[in-house]
Amino acid sequence: MSLGYDSMRANLFESDAALDEMQQRLRESNALFRVVQGLAENLSLDQLLQLIVDEVTRAVPSADKAVVHLLQGESLEPRALSRRTGDRQPSAAMRTGFGIAGRALQLKQTQYVPDVRLDPDFVERGTGIKSLLVAPLMADAQIIGTLSVDSHKRRAFDESSCQLLALLASQAALAIEKARLFEETLAEKRRLEAILNTMLDGVLMLDRNQCIVSINPALARMAGQPATQIVGAHLTAAPYPLPLLAQVSLSEVEVSSAEIKTGAPLNKTLNVVASPLHDSRQGLGHVLVVHDVTRERELLQLKSDFVANVSHELRTPLFAIAGFVRLLLAEQVNDEATRREFLSIIGQQTEQLTNIVGDLLDVSRLEAGYQIELKLGSIDVPQAARDALARLETLARDKEITLTAQLPDSLPPVRADGRRLQQVLVNLLGNAIKYTPNGGQVLLSARQIHAAPLVEITVSDTGIGIPAEATPHLFERYYQVDRTATHKTNSTGLGLHISRRLVEALGGELRVESAPARGSHFSFTLPISTER
Ligand code: ADP
């Protein structure tokens, strides 16, 4: 009987132990399963670390808490602490090469300390830990941190706890590396997206069949449709001007580029660079970068027109001067009146030459970043206006244009540079006469603006006017509305540019109001002089 009882007890104990064992295995595989599942769910690194420590505390019997430390430079930083822990004191950072963790990393093996009093490597921090287990976290033979469990009881763990922790640590390390990689990829993707979204250049990605895989906001804006509606379309069926980009050759091996003109309505010149995309085996498509070079090309065109124009403008007065001087030298002109007329023409042409050369010098100085030198003084506006009108009288008379002035006597003097003010007035009046057909009218007026200490001077004409689309460019250097007009002489496209810069340097503003065929008003302000 007693034998029977004993054997029954032994059996019972055995099946108890087997049950324990089974339950333990279940806990282990459960923990492993959940860590792997966490990885599949693409948890953030922090969420994953929390899951690992919670599962480890659940799976390792008699563990009070579990902690993950990750290697950061020379130190092991605590990154997650199991939630079940009574004391929520975060674990401290540890220097690598010290303590039990240091030993685990050095030996690349799980370290069991059944009684911390007996282990000289244990660093006492007053945490009440009596026994602990530390497993190194290794990914691709690289140490990335430690996973540890501890207990306030001595000899809390056994061989199977050691094996379990080692197993969990190897799975956790894998999961951590993957989560890190995922986070890095995500961050990289966001960085790339931010760059593409804020880029002024257009970027388009095509697959192997030339269907649009992605398009950045700058290019979608040019096409006038949201990116979502463009993606998926074949390049040739996408909204204007995208099909024109197909003009660039899409080579499988090399980068190619092309300059493409969009034509109306955009009227842009686009520089398109196409780079092939491929992995090690095959071509994946192309990336197209689209840079708007309209302004650069216009400026180049303006510059080359300008050079031709200036040569012409210099040659005309030079030929005239040379011709009249030759006549005078040949002494074929006998009467005094004709001699005087010839000399006066030579004088006018010389002044024209001087003006062009002066403008060229001004522009090159401004382009080089120099400030305009000013000799400021108190200037009487009616007097300056009369001087300018006198200089243009002949020109106006030749075209039968009526030149009038409306200058109140009460105008206060302005603070300006007399010579530069003449330059602005002569340019505006000269333009008004130049761009007004014979028989028209040009008016020079001035008034005091009472709201601000300013005088406003206006040159109005009844001329050809300026189209609205040209006004924003009028004050740009080299700009001319109708470059092909044959009737123009003395035109370089520099006058208004220099005039605006001069007025601004004098502390005023130069503006235009104009309508085609109705005439133009150019007005500028100058500060009233405070000198007595
Ligand atoms: P330009 O030497 O060609 O006259 P400006 O810089 O003085 O150069 O003027 C630039 C352009 O603005 C001119 O080419 C002309 O087309 C236009 N413009 C200037 N003034 C007038 C005006 N009063 N009426 C019509 N067009 C004008």
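Everything here concerns the structure above.
Overview of the structure. (Residues numbered from 1 in each chain as written. Predicted model: local features only at pLDDT ≥ 70, side-chain atom pairs only at ≥ 80, totals over all residues. Heavy atoms only, no water.)

Looking only at helices and strands, the protein has eleven helices and 18 strands in total. Taken against the 2.2 N^0.38 rule, which gives 24 Å for 532 residues, the C-alpha radius of gyration of the protein at 44 Å runs more than 25% over that of a compact globule. In terms of its C-alpha atoms, the protein occupies a principal-axis envelope of roughly 160 × 65 × 40 Å. Relative to its full complement of 532 residues, the protein shows a buried share of 41%. The long-range fraction of contacts in the protein, counting pairs at least 24 apart against all pairs at least 6 apart in sequence, stands at 58%. (Helix = DSSP H or I, 4+ residues; strand = E, 2+ residues; numbered from the N terminus. Rg over C-alpha atoms; globule rule 2.2 N^0.38 Å. Buried < 20%, exposed > 50% of the residue type's maximum accessible area, 1.4 Å probe, protein only. Contact = heavy atoms within 4.5 Å.)

Another point: helix H9 (residues 381-398). The first and last C-alpha atoms of H9 sit 26 Å apart over 18 residues, in line with the 26 Å expected at 1.5 Å per residue. Listed in full, the buried residues belonging to H9 are Val381, Pro382, Ala384, Ala385, Ala388, Leu389, Leu392 and Ala396. Residues of H9 that are buried sit in contact with strand S12 (377-379), strand S13 (402-406), strand S14 (414-416), helix H10 (418-434), strand S15 (441-449) and strand S16 (454-461). The opening residue of H9 is Asp380, an N-cap whose side-chain oxygen sits 3.3 Å from the backbone nitrogen of Gln383. Looking one or two residues beyond H9, the residue adopting positive phi is Glu400, at roughly 50°. (Expected span 1.5 Å × (residues − 1). Polar contact = N/O pair within 3.5 Å; in protein donor to acceptor, adjacent residues only side chain to side chain.)

Glancing now at the site of the ligand. Residues in contact with the ligand amount to 21 residues; listed here are only the nearest, Asn431, Tyr435, Gln480, Thr492 and Leu496. With respect to the ligand, the side chain of Asn431 contributes an N or O atom lying 2.8 Å from an oxygen atom. A distance of 2.8 Å separates an oxygen atom of the ligand from a polar backbone atom of Thr492. Here the ligand has 530 Å² of accessible area as a free molecule, and 97% of this is covered by the chains. Secondary-structure elements contributing two or more residues to the shell around the ligand are H10, helix H11 (495-505) and strand S18 (519-527). Element by element, the count of residues in the shell around the ligand is highest for H10, at four residues. Split by residue class, the shell around the ligand holds nine nonpolar, nine polar and three charged. (Near = heavy atom within 4 Å. Areas by Shrake-Rupley, 256 points an atom, 1.4 Å probe, with all protein chains shown as cover. Nonpolar A, V, L, I, M, F, W, Y, C, P; charged D, E, K, R; others polar.)

So, on to the environment of Leu266. Its location among the elements puts Leu266 in the loop between strand S9 (256-261) and strand S10 (269-278). In this structure Leu266 comes out as partly exposed when scored by relative accessible area, which is 27%. In this structure, the C-alpha to C-alpha distance between Leu266 and Asn427, residues 161 residues apart in sequence, is 34 Å. Residues contacting Leu266, with those up to four places away along its chain left out, are Met222, Tyr240 and Pro241.

The next thing to look at is the sheet that holds strand S8 (residues 212-215). The strand order across the open sheet formed by five strands is S8-S7-S11-S10-S9, and the pairing between neighbours is antiparallel. Since the sheet does not close on itself, it has two edges, and those belong to S8 and S9, each with one partner. Going across the sheet, the axis of each strand differs from the next one's by a mean of 20°, ignoring polarity. Pairing between S10 and strand S11 (residues 283-292): nine bridges, direction antiparallel. When the sheet's bridge partners are listed, Val272 is paired in S11 with Val290. With respect to the sheet, helix H7 (residues 294-329) is in contact with S9, S10 and S11, its orientation differing from that of S11 by roughly 50°. (Pairing = 2+ DSSP bridges. Axes fitted to C-alpha atoms, helices over the stretch in contact; angles between N-to-C directions.)

On to the packing of H10 against H11. Running from amino to carboxyl end, H10 crosses H11 at an angle of 145°, the nearest separation of the two axes being 10 Å. As H10 packs across H11, the resulting crossing turns out to be left-handed. Contact residues: H10 offers Arg420, Gln423, Val424, Asn427, Leu428 and Asn431, while H11 offers Gly495, Leu496, Ile498, Ser499, Leu502 and Val503. (Left-handed = near helix turned anticlockwise from the far one by under 90°.)

Before going further, it helps to examine the packing of aromatic side chains. For the coordinates displayed, the defined rule picks out three aromatic pairs. Between the aromatic rings of Phe306 and Tyr478, the centroid separation amounts to 4.5 Å while the plane-to-plane angle is 40°, which identifies the pairing as tilted. One end of the pair, Phe306, is in helix H7; the other, Tyr478, is in the loop between S16 and H11, and 172 residues separate them in sequence. In this pair, the class of Phe306 matches that of Tyr478, namely buried. Relative to Phe342, the ring of Phe324 has its centre 4.7 Å away and its plane inclined at 55°; by these criteria the two rings are tilted. One end of the pair, Phe324, is in helix H7; the other, Phe342, is in helix H8 (residues 336-367), with 18 residues separating them in the sequence. Across from the ring centre of Tyr370, 4.9 Å away, lies the NZ or CZ of Arg365, which sits over that ring. Sitting over the ring of Phe475, Arg500 keeps its end group 3.7 Å from the ring centre. (Phe/Tyr/Trp six-rings, centres within 6.5 Å; stacked < 30°, edge-to-face > 60°. Lys NZ or Arg CZ within 6 Å of the ring centre and 35° of its normal.)

Before going further, it helps to examine the sheet that holds strand S3 (residues 94-95). Within the open sheet, the six strands sit side by side as S3-S2-S1-S6-S5-S4. Their pairing is antiparallel. Each end of this open sheet is capped by a strand with a single partner; those strands are S3 and strand S4 (111-113). The sheet contact formed by strand S1 (residues 65-72) and strand S2 (residues 75-81) spans six bridges and is antiparallel. Within the sheet, the bridge partner assigned to Leu71 lies in S2 and is Leu76. Along the sheet face, helix H4 (residues 159-198) touches S1, S4, strand S5 (131-139) and strand S6 (142-151) and points at about 40° away from the line of S5.

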